[in-house]
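Structure assessment
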Amino acid sequence: MIIGVPKEIKTNENRVALTPAGVKEFVKRGHTVYMQATAGEGSGFTDEEYQQAGASVLPTIEDVYEIAEMIMKVKEPIEPEYKLIKKDQLVFTYFHFASYEPLTKAMIDSQSVCLAYETVEKPDRSLPLLVPMSEVAGRMSVQQGAKYLEKTMKGRGILLGGVAGVAPAKVLILGGGVVGTEAAKMAAGLGADVTILDVNLARMRYLEDIMPANVNTIMSNEYNIRSLIQQADLIVGAVLIPGAKAPHLITRDMLKEMRPGTVLVDVAVDQGGCIETCKPTTHENPTFIIDDVVHYCVANMPGAVPYTSTLALTNATLPYALQLAEKGWKKACRENEELKKGLNIIQGKVVYQAVAEAFDLEYTSLEEVL
Ligand SMILES: NC(=O)C1=CN([C@@H]2O[C@H](COP(=O)(O)OP(=O)(O)OC[C@H]3O[C@@H](n4cnc5c(N)ncnc54)[C@H](O)[C@@H]3O)[C@@H](O)[C@H]2O)C=CC1
Ligand SMILES: CC(=O)C(=O)O
Ligand SMILES: [Mg+2]
């Protein structure tokens, strides 16, 4: 198969979908890899390293899209990329369709095959291609939260861990999955008073067992959320209903019940956000303020630490990508239930129920297409 890896064009997105080690694995199996020039630069990989591993380097993004049967990317395609995607081309990347209708419509129109990292799913319902980036974003959410709690950053001016004789900050985490767990570990390690809200009792039992004493779990419902936000210093949004738009657990009117300088880090922003007032922001301009509450809503948080994130992401994606290259998307998805769940749009048909529901589009069952 011919694999193409374009350079990411989202602002401050420095990850790349393939490392030189990954190129070598494709080439060893007889596939051809085209890298866009400088695609790996932000993650510390030079064009020469890719060439030594067996890739060819093409000068422009147009060249890469033109030649490739499978495009491997990191972030969802953005507007200038829509027109580059070709009929029948396989695009393997994050899409987060349910949060953005124009992208969904553009990919339907492109007649391409869209296999979304974030909905590839294991039998235990875990999401192997989302997990590594959720680990990064969860850990980063507390780093960023601590920074924006500083007075000069418009936060309350509270130190997460407090000091002797002074109480630590209160950190509230909505959703105790991968992002929530990693955020809790970091916040707890810094000495904060941490509460995780979830709706899954089995998950909360597990968290109670493994977390240190300064982390507690509470059932997620409107009553508890309204009460806890009044005392919270940092709130991390980390809920997910796979493939679907995130539920708004914190609504506009609730901001008035928070203290001035409270910081909200809505990691779930890539699925539309679980805080109603969150709108996607960028690393260049990560925050905005509503009702004296600081909102941090960067939709590609791992992009800021590409040395870690590119390796973590490609460790997880490569085995799946190799199967796609070996067998073609149809056979690979027929034979691998995990990959099959990643199919969202196939040649104009929406085959992922939650995406069809998000925009009232016709849903086609996978069985009809595969
Ligand atoms: N902004 C960014 O750069 C990044 C964003 N993400 C996003 O973070 C979000 C969370 O991802 P993961 O932690 O991997 O998901 P996950 O599936 O591991 O965890 C989600 C948790 O939310 C819980 N939940 C569902 N409904 C809830 C409710 N009403 N109240 C409280 N909890 C509820 C679930 O029970 C589950 O434990 C996703 O939208 C993901 O795409 C992930 C990586 C990077
Ligand atoms: C998951 C995601 O959206 C990211 O890593 O940017
Ligand atoms: Mg406890």
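Residues numbered from 1 in each chain as written. Chains lettered and ligands numbered in written order. Predicted model: local features only at pLDDT ≥ 70, side-chain atom pairs only at ≥ 80, totals over all residues. Heavy atoms only, no water.

Here we look at the packing of helix α6 (residues 131-148) against helix α10 (residues 306-335)
At a minimum axis separation of 8 Å, α6 and α10 run at an interaxial angle of 155°. Classified by the angle between their axes, α6 and α10 sit roughly antiparallel to one another. Contacts from Pro132, Met133 and Val136 in α6 reach Ser309, Ala312, Leu313 and Ala316 in α10. (Axes fitted to C-alpha atoms, helices over the stretch in contact; angles between N-to-C directions. Helix = DSSP H or I, 4+ residues; strand = E, 2+ residues; numbered from the N terminus. Parallel < 35°, antiparallel > 145°, perpendicular 65-115°, else oblique. Contact = heavy atoms within 4.5 Å.)

Thoughts on the domain arrangement of the protein
Domain assignment breaks the protein into domain 1 (2-120 + 306-369) and domain 2 (131-304). In this structure, domain 1 and domain 2 have C-alpha centres spaced 30 Å apart. Residue-level contacts link 21 residues of domain 1 with 18 residues of domain 2. Roughly 1,600 Å² of surface becomes buried between domain 1 and domain 2 when both sides are summed, with 53% attributable to carbon and sulfur atoms. For the domain 1 face of the interface with domain 2, the top three residues by lost area are Thr11, Asn12 and His96, together amounting to 27%. Put simply, domain 1 and domain 2 have zero salt bridges between them. Joining domain 1 to domain 2, the criterion identifies six residue pairs in polar contact (both at pLDDT 80 or more). The set of elements that each furnish at least two residues to the side of domain 1 that touches domain 2 consists of α10 and α12 (353-358). (Domains from an automatic or database assignment. Buried area = accessible area lost by both parts, 1.4 Å probe. Salt bridge = Lys/Arg side-chain N within 4 Å of Asp/Glu carboxyl O. Polar contact = N/O pair within 3.5 Å; in protein donor to acceptor, adjacent residues only side chain to side chain.)

Focus: the pattern of salt bridges
Under the definition given, this model contains 25 salt bridges. Lysine 73 is the partner of glutamate 81 in a salt bridge, and the nearest nitrogen-oxygen pair spans 3.2 Å. The exposure class of lysine 73 is buried, given its relative accessible area of 0%. A single network of salt bridges, built from pairs that share partners, joins Glu222, Arg226, Asp253 and Glu257. (Buried < 20%, exposed > 50% of the residue type's maximum accessible area, 1.4 Å probe, protein only.)

Let's talk about the site of ligand 2
Lining the immediate surroundings of ligand 2 are Arg15, Lys75, Tyr94, His96, Leu130, Met133, Asp270, Ala299, Asn300 and Pro302. Histidine 96 places a side-chain nitrogen or oxygen 2.9 Å from an oxygen atom of ligand 2. Taken by itself ligand 2 offers 220 Å² of open surface, and the protein chains cover 95% of this. Considering only residue class, the shell around ligand 2 consists of five nonpolar, two polar and three charged. When residues are assigned to domains, the shell around ligand 2 turns out to be shared by domain 1 (2-120 + 306-369) and domain 2 (131-304), each giving three or more. (Near = heavy atom within 4 Å. Areas by Shrake-Rupley, 256 points an atom, 1.4 Å probe, with all protein chains shown as cover. Nonpolar A, V, L, I, M, F, W, Y, C, P; charged D, E, K, R; others polar.)

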